[in-house]
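Structure assessment
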Amino acid sequence: IFARPRPITSSSRCVISDDPETTPLTEEGYQAVSSARSSAKVATFIRRVVVEKMRGKVLDEESLVALAGDPPESMLDLEVVLWQALWTSIPGSSSGDLADASSQEADDSDPLAWRLWAFIALGGLVAFTLVATALWAIFYR
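Residues numbered from 1 in each chain as written. Predicted model: local features only at pLDDT ≥ 70, side-chain atom pairs only at ≥ 80, totals over all residues. Heavy atoms only, no water.

Let's talk about the overall build of the protein chain
Rule in force here: Only DSSP runs of H or I reaching four residues or more are called helices, and only runs of E reaching two or more are called strands; each is numbered from the N terminus. Contact definition: two residues touch when any of their heavy atoms are within 4.5 Å. Only the protein chains shown count as cover for residues, and all accessible areas are computed by the Shrake-Rupley method using a 1.4 Å probe.
Regarding its fold elements, the protein chain presents six helices and two strands. Listing the helices and strands of the protein chain from first to last along the sequence gives α-α-β-α-α-β-α-α. Partitioning the intrachain contacts of the protein chain with sequence separation of at least 6 by distance along the chain shows that 44% fall at a separation of at least 24. For the protein chain, the accessible area works out to roughly 10500 Å², and carbon and sulfur atoms hold 62% of it.

Listed below in structure tokens is the structure:
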């Protein structure tokens, strides 16, 4: 019923340290890096969170450095800040959607444009059905 624990190898990235390149992207890793009091290390860790954990991009280096200079208290608070930040592009976040929209040229390739045309077609079908039903009731009564 119970699984045996796996031995930790020396190449494992699960060792918590103040090295922002290798420490896990967890609360413990965040606390270890932020306790080192190095803005450069915190910035590297935050970049890893955006890229590796949140699958996003950092769009403004100055904003990243500013956040690293005064980081949030916890990993959860950091993720909330990054999710709402306008200087990150994170899939599914409102800031990521805005960044993606501003980086694309305006064209008619909107992937959701079909919904407008589907709504118009559905409205036309309903109008046709109502008119046909009214005419049938008048002439074949």
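Now that the structure has been shown, the text picks up again.
A few points about the pattern of salt bridges
The condition that has to hold: Each reported salt bridge corresponds to a side-chain nitrogen of Lys or Arg within 4 Å of a carboxyl oxygen of Asp or Glu. Partly exposed describes any residue whose relative accessible area lies between the buried limit of under 20% and the exposed limit of over 50%, with all areas from a 1.4 Å probe on protein chains only and scaled to the type maximum.
Summed over all chains, the structure comprises four salt bridges. With its nearest N and O atoms 3.3 Å apart, the salt bridge here joins D18 to K41. Here D18, found in the segment before α1 (27-34), pairs with K41, found in helix α2 (residues 39-53); they are 23 residues apart in sequence, far enough to count as distant. Judged by its relative accessible area of 29%, K41 is partly exposed. With a shortest N-O distance of 3.3 Å, E52 and R48 are connected by a salt bridge. In this pair, E52 and R48 are both assigned in helix α2, four residues apart and thus about one turn of the helix distant. In this structure R48 comes out as buried when scored by relative accessible area, which is 7%.

Focus: the packing of α2 against helix α3 (residues 61-69)
Basically, it comes down to this: An axis is simply a line fitted to the C-alpha atoms; with a helix, the fit covers only the stretch in contact. Between two such axes, the angle follows the N-to-C directions and lies from 0 to 180 degrees. The handedness criterion is simple: a crossing whose near helix is rotated anticlockwise from the far helix by less than a right angle is left-handed, and one whose near helix is rotated clockwise is right-handed. Note on residue classes: Ala, Val, Leu, Ile, Met, Phe, Trp, Tyr, Cys and Pro are nonpolar, Asp, Glu, Lys and Arg are charged, and everything else, Gly too, is polar.
Direction vectors running N to C along α2 and α3 enclose 120°, while the axes themselves pass 8 Å from each other. As for how α2 packs across α3, the hand of that crossing is right-handed. Facing α2, whose interface residues are S39, V42, A43, I46 and R47, α3 presents E61, L64, L67, A68 and G69. For the contact of α2 with α3, the class distribution of residues is six nonpolar, two polar and two charged.

A few points about the nonpolar core
Rules: Here, nonpolar core refers to any group of buried Ala, Val, Leu, Ile, Met, Phe, Trp, Tyr and Cys residues whose side-chain atoms link them within 4.5 Å.
If you look at the biggest cluster of nonpolar residues, it comprises 20 residues, and the most contacted ones within it are F45, I46, V49, M75, L78, L82 and W87. If you list the elements that add at least two residues to this core, you get α1, α2, α3 and α4 (75-84). Residues contacting V49, with those up to four places away along its chain left out, are L25, M54, M75, L78 and L82.

Concerning the packing of α2 against α4
Between two packed helices, what matters for the description is the angle formed by their axes and the separation of those axes. Just so we agree on the cut-off: An angle below 35 degrees is treated as roughly parallel, one above 145 as roughly antiparallel, one from 65 to 115 as roughly perpendicular, and anything else as oblique.
As a packed pair, α2 and α4 sit with axes 11 Å apart at the nearest point and diverge in direction by 70°. Between α2 and α4, the interaxial angle falls into the category roughly perpendicular. The element α2 and its partner α4 pack so that their crossing is right-handed. The residues of α4 that touch α2, namely those facing F45, I46, V49, V50 and K53, are M75, L78, E79 and L82. Partitioning the contact of α2 with α4 into residue classes produces seven nonpolar, no polar and two charged.

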